[in-house]
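Spelled out from the first residue to the last, the chains are:
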Amino acid sequence: PYHFYYYDKDDTSLWGEGIPTIMRDAQKLFNASVRAMLDNAAISAGPIIEANTDLLDPSEDPRDIYPFRVYLRDGMGMEASAAAIRVTTLPSYTNEFMAMINFFMTAADEVTAIPRYMYGETSNIGGAGKTASGLSMLMGAANVTLKDQVKNFDDGITKPFIKALYFWNMEFNTKEYIKGDFSVQSRGSTSLIAREVRQESLNQFLAITNNDTDLRYTKRPNVLREMVKILDLDDLDLLKDENTIAIEDADFAKQQAADKKFEQDLAMMKAKSGGHMSNMPPAGQTPGMGAEAQPAEGEV
């Protein structure tokens, strides 16, 4: 009565391998690099000071160090040319160790097939990852591993568990009308793949029909609704309904008709006045109307 999910199945054992086991080599190398970097940083944090106490004055303490310190010393001849205090600086290899650390982090991404940009770390991505479309392509390629894990879960948990429930009902359930031959099909990974294929097909369809000739024959609102459904955005109410579109189209047609009538009236007034319009009404207002319109001579 047990069901197993394997991140990576081992055919020689009942137990599979998880991410820690898969990346154990890269993890050990990563840890060794960090440890070596810290050891190097510890010994190179400051200089090493060597003091010749035979040349120093007996009253001088070489361990008493502070800025602008002056040491009194002795010595004649060859001893006078030798340094009583000598400072040695140990080299720091922090940059070299950081390069090794980044290399082993990348190696861990490769062996586990879970790149860092999958969980938001995009600082070290170059090339195609610098653009939104390129990063989307990389994410799509990395999702192949996710689909494999969904399939492993379906094969190891979902399918055998539902099958066990089915056999129990066939043997012990008192409802005879549910008895029959059934087959369990887990569709987690296949639905992901089918959704991706359908989305790619719709994108190609939109690109091919995006011209004046083909737009007359396509139902573009249906394509947009299907895209919203595939992207799991149908609960956000992103698309307008047909009634709203019809009202907006009617308002737009009415405004166009009013603008056309205004242009016709304006052209007629220009023709009657010989092209001279002293009291031309503003755009959108029909001629002869408005607060500033004056009655003609003889009118009441």
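K.L.:
So what exactly am I meant to see when it comes to the overall build of the chain here?
P.N.:
The helix and strand inventory of the chain stands at nine helices and two strands. In the chain, the order of α-helices and β-strands from amino to carboxyl end is α-α-β-α-β-α-α-α-α-α-α. Evaluated residue by residue, the chain yields a buried proportion of 16% over its 300 residues. Restricting the contact set of the chain to residue pairs at least 6 apart, pairs at least 24 apart contribute 51%.

K.L.:
Teacher, can you tell me more about the pattern of salt bridges here?
P.N.:
For the coordinates displayed, the defined rule picks out seven salt bridges. In this structure, the salt-bridge partner of D265 is K261, at a minimum N-O distance of 3.0 Å. Highlighted residues: D265 and K261, both in helix 9 (residues 242-272), separated by four residues, approximately one helical turn. Judged by its relative accessible area of 45%, K261 falls in the partly exposed class.

K.L.:
Where do I start with the side chain of R69 in this structure?
P.N.:
For R69, the location among the structural elements is in the loop between strand 1 (48-51) and helix 3 (78-81). In contact with R69, not counting residues within four places along its chain, are E60, D61 and D64.

K.L.:
Would you take a moment to explain a nonpolar patch on the surface for this structure?
P.N.:
Residues L224, L236, L238 and L239 make up a contiguous nonpolar surface patch of roughly 340 Å² in combined accessible area. Tracing the backbone shows L224 in helix 8 (residues 220-230).

K.L.:
I keep staring at the packing of aromatic side chains and nothing clicks. Help me out?
P.N.:
The geometry of an aromatic ring pair is captured by two quantities: the separation of the ring centres and the angle between the planes. Under the defined criterion, the tally for this structure stands at seven aromatic pairs. Relative to F167, the ring of Y166 lies with its centre 5.3 Å away and its plane at 50 degrees, an arrangement referred to as tilted. Relative accessible area serves as the criterion here: at 17%, Y166 is assigned to the buried category. These aromatic residues form a ring-pair network of at least three members: F4, Y6 and W15.

About the criteria used
- In this numbering scheme, every chain counts its residues from 1 along its sequence in written order.
- At least 70 in pLDDT is required for a residue's local features to be given in this predicted model, at least 80 for side-chain atom pairs to be given and counted, and no such filter applies to totals for whole chains, interfaces and linings, which use all residues.
- For the side-chain quantities, the full set of heavy atoms in the structure was used; hydrogens and water were omitted.
- Segments assigned H or I by DSSP are reported as helices when at least four residues long, segments assigned E as strands when at least two residues long, and all are numbered from the N terminus.
- Using a 1.4 Å probe on the protein chains alone, a residue whose accessible area is under 20% of its type maximum counts as buried, one over 50% counts as exposed, and one in between counts as partly exposed.
- Only heavy atoms enter the contact rule, under which two residues are in contact if any of them lie within 4.5 Å.
- The term salt bridge refers to a side-chain nitrogen of Lys or Arg lying within 4 Å of a carboxyl oxygen of Asp or Glu.
- The patches reported here contain residues having more than 30% relative accessible area and no salt bridge. Joining distances are 9 Å for like charges and 5 Å for nonpolar side chains (Val, Leu, Ile, Met, Phe, Trp, Tyr).
- A 1.4 Å probe and the Shrake-Rupley method give the accessible areas. Residues count as covered only by the protein chains that appear here.
- Only Phe, Tyr and Trp rings are paired, with Trp represented by its six-membered ring, and only when their centres lie within 6.5 Å; those with planes under 30 degrees apart are stacked, over 60 edge-to-face, the remainder tilted.

Read these as spatial facts, not as claims about activity.
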